[in-house]
Amino acid sequence: MLFLVAALLLLGVTLGTVAHAPLSFTLVAAAVIGVWLAVFTVRERHGRRRGTSG
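Let me sum up the structure you'll find in this document. Everything numeric in this text was worked out from a predicted model, so none of it was measured. (Residues numbered from 1 in each chain as written. Predicted model: local features only at pLDDT ≥ 70, side-chain atom pairs only at ≥ 80, totals over all residues. Heavy atoms only, no water.)

### Thoughts on the overall build of the chain
(1) Moving on: Broken down by element type, the chain carries two helices and zero strands.
(2) Moving on: Against the 2.2 N^0.38 benchmark of 10 Å for 54 residues, the chain shows a C-alpha radius of gyration of 16 Å, more extended than a compact globule.
(3) Moving on: Counting only C-alpha atoms and orienting by the principal axes, one finds that the chain spans roughly 45 × 35 × 10 Å.
(4) Moving on: Across the 54 residues in the chain, those meeting the buried criterion constitute 6%. (Helix = DSSP H or I, 4+ residues; strand = E, 2+ residues; numbered from the N terminus. Rg over C-alpha atoms; globule rule 2.2 N^0.38 Å. Buried < 20%, exposed > 50% of the residue type's maximum accessible area, 1.4 Å probe, protein only.)

### Looking at the environment of His46
(1) Moving on: Tracing the backbone through its elements, the reader meets His46 in helix α2 (residues 23-50).
(2) Moving on: Each C-alpha atom, one on His46 and one on Gly12, is 33 Å from the other, the two residues being 34 residues apart in sequence.

### Considerations on a nonpolar patch on the surface
(1) Moving on: Taken together, the side chains of Met1, Leu2, Leu4, Val5, Leu8, Leu11 and Leu15 make up a nonpolar region of the molecular surface, amounting to roughly 800 Å² of accessible area.
(2) Moving on: The topology assignment puts Leu8 in helix α1 (residues 2-20).
(3) Moving on: For Leu8, a relative accessible area of 52% corresponds to the exposed category. (Patch = residues over 30% accessible without salt bridge, like charges linked within 9 Å, V, L, I, M, F, W, Y side chains within 5 Å. Areas by Shrake-Rupley, 256 points an atom, 1.4 Å probe, with all protein chains shown as cover. Salt bridge = Lys/Arg side-chain N within 4 Å of Asp/Glu carboxyl O.)

### Focus on α2
(1) Moving on: For α2, spanning 28 residues, the distance from its first C-alpha to its last is 41 Å, which sits close to the expected 40 Å at 1.5 Å a residue.
(2) Moving on: When you tally the buried positions in α2, you get two out of 28 residues, a small fraction of the element. (Expected span 1.5 Å × (residues − 1).)

### As for the layout of surface pockets
(1) Moving on: Quantified by volume, the second largest pocket comes out at close to 150 Å³.
(2) Moving on: Looking at the second largest pocket, the residues that line it are Thr14, Thr17, Val18, Ala21, Phe25, Thr26, Ala29, Ala30 and Ile33.
(3) Moving on: It is α2 that provides the largest number of residues to the lining of the second largest pocket, a total of five residues.
(4) Moving on: Along the lines of polarity and charge, the residues of the lining of the second largest pocket split into six nonpolar, three polar and no charged. (1 Å grid on protein atoms, 1.4 Å probe; cavity = no way out; pocket = protein on both sides within 12 Å on 5 of 7 lines; lining within 4 Å. Points joined across faces, edges and corners; volume = space filled by probe spheres on them. Nonpolar A, V, L, I, M, F, W, Y, C, P; charged D, E, K, R; others polar.)

Remember that the coordinates give geometry; whether it matters functionally is a separate question.
The structure is reproduced here in structure tokens:
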């Protein structure tokens, strides 16, 4: 439950920050986060196929 509260607090702070940031900065930050999530997904799927736990 504490994790959920912390996540919602962080989301609120982030959305508040994005509301005051320039649009170009927001788009660049969103692209960086999207690429990071895509790389993470590919690494996770590749690791699961090989059957490694670490």
